[in-house]
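Each chain is listed here by its residues.
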Amino acid sequence: MGDQLAQGLVCRPMSRSAATPEKFAPAPVPATRDLNRVRKAAAECRACPLWANATCTVFGEGPRDARLMLVGEQPGDQEDKLGKPFVGPAGKLLERALQEAGIVRDEIYVTNAVKHFKWTPQGKRRLHAKPNAREMAACRPWLNAEVIAIRPKMLVCLGATAAQQVTGAPVKVTQARGGTLDTEWGVPALITVHPSSLLRSRAFGNIEEELAKFVADLKKATQ
Ligand code: SF4
């Protein structure tokens, strides 16, 4: 395994004083393949409104020579607080699925389509809200920088938002699942579900069945 990238920046509430709610400059992506520099620049990004209600930018993590890059939708509540991707309940399920698929998490790069947590309040809880097309477009330059820096052999899109961000077009996961789509980087993108959908299937008592299908999809990414 190559050098491990720096693991997240210290999470801190971003300053609201410099906010200009109506005007958003493009994402300040530096022209470099040095991912640590890109990560530091992303920590200051205000290219869409999502930074204002989040604790910090949650950038991707993983080794520089990762062959697989997994792309989720956006950080969740715990990821936002810890500044690390996939550390909440869906992340734990992803970890289990990776193990069952024979994939070592420390050898892959894990990131999200959008780097700030979008949420709506419900009592004391912060409920996930789906990023809109404008927010996704504003955030795509960061994913582009990650793909160019890592140059993975395969991208794995976890859910429809990730698939759209990676391929540049809407994707019906139910139809495309288990197959690959082309990307502008010349790297194939395997389509599968987001692990949070497995958590929802728990309510219907069929999580093991859905987990087995997810593991089968992940195995295809290593072939
Ligand atoms: S979600 Fe992406 S584009 Fe929007 S402020 Fe955060 S890092 Fe920047």
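Relevant structure appears above.
The following paragraphs examine the structure supplied in this document. (Residues numbered from 1 in each chain as written. Predicted model: local features only at pLDDT ≥ 70, side-chain atom pairs only at ≥ 80, totals over all residues. Heavy atoms only, no water.)

## Considerations on the nonpolar core
With 60 residues, the main nonpolar core has Trp142, Leu155, Val156 and Phe214 as its most contacted residues. Among the elements that take part in this core, helix H4 (residues 133-150) stands out by supplying 9 residues, more than any other. For Val156, the residues in contact, after removing those within four places along its chain, are Leu68, Met69, Leu70, Val71, Leu190, Thr192, Leu218 and Ala221. (Core = buried A, V, L, I, M, F, W, Y, C linked by side-chain atoms within 4.5 Å. Buried < 20%, exposed > 50% of the residue type's maximum accessible area, 1.4 Å probe, protein only. Helix = DSSP H or I, 4+ residues; strand = E, 2+ residues; numbered from the N terminus. Contact = heavy atoms within 4.5 Å.)

## Remarks on the sheet that holds strand S1 (residues 68-72)
Hydrogen bonds between backbone atoms are what pair the strands of a sheet, whose relative direction is either parallel or antiparallel. The strand order across the open sheet formed by 5 strands is S2-S1-S5-S7-S6, and the pairing between neighbours is mixed. Only two strands of the sheet have a single neighbouring strand rather than two, namely strand S2 (109-112) and strand S6 (180-181). One ladder, built from 2 bridges, connects S6 with strand S7 (residues 189-192); its direction is antiparallel. Of the residues in S7, the one forming a bridge with Leu181 is Ala189. Of the strands in this sheet, strand S5 (154-158) and S7 are in contact with helix H8 (residues 207-220), which crosses S7 at around 180°. (Pairing = 2+ DSSP bridges. Axes fitted to C-alpha atoms, helices over the stretch in contact; angles between N-to-C directions.)

## Observations concerning the pairing of S7
Both faces of S7 are covered, namely the face carrying Ala189 and Ile191 and the face carrying Leu190 and Thr192. Sheet topology places S5 next to S7; 4 bridges connect them, and they run parallel. By the bridge assignment for S7, Val156 is matched with Leu190.

## Regarding the pattern of salt bridges
Under the definition given, this model contains 12 salt bridges. When the shortest N-O distance is used, the salt bridge between Glu208 and Arg96 registers 2.9 Å. Here Arg96 lies in helix H3 (residues 89-100) and Glu208 lies in helix H8, a separation of 112 residues in the sequence. You can call Arg96 partly exposed: its relative accessible area is 33%. Across the pair Lys213 and Glu210 runs a salt bridge whose closest N-O atoms are separated by 3.2 Å. In this pair, Lys213 and Glu210 are both assigned in helix H8, 3 residues apart and thus about one turn of the helix distant. According to the relative accessible area criterion, Glu210 is buried, its value standing at 16%. (Salt bridge = Lys/Arg side-chain N within 4 Å of Asp/Glu carboxyl O.)

## Some thoughts on H4
The end-to-end C-alpha distance of H4 is 25 Å, a good match for the 26 Å that 18 residues give at a rise of 1.5 Å each. By the largest-angle criterion, Cys139 marks the main kink of H4, which is about 35°, and a proline, Pro141, follows within four residues. For H4, every residue scored as buried is listed here: Glu135, Met136, Ala138, Cys139, Arg140, Trp142, Leu143, Ala145, Glu146, Val147, Ala149 and Ile150. Those residues of H4 that are buried lie in contact with helix H1 (35-42), S1, S2, S5 and helix H5 (160-167). Taking the backbone nitrogen of Arg134 as reference, a side-chain oxygen 3.1 Å away marks Asn132 as the first, capping residue of H4. With its phi angle positive at about 50°, Arg151 sits one or two positions after the end of H4. (Expected span 1.5 Å × (residues − 1). Bend = angle between axes of the 7 residues up to and from the residue. Polar contact = N/O pair within 3.5 Å; in protein donor to acceptor, adjacent residues only side chain to side chain.)

Nothing here speaks to function; it is all geometry.
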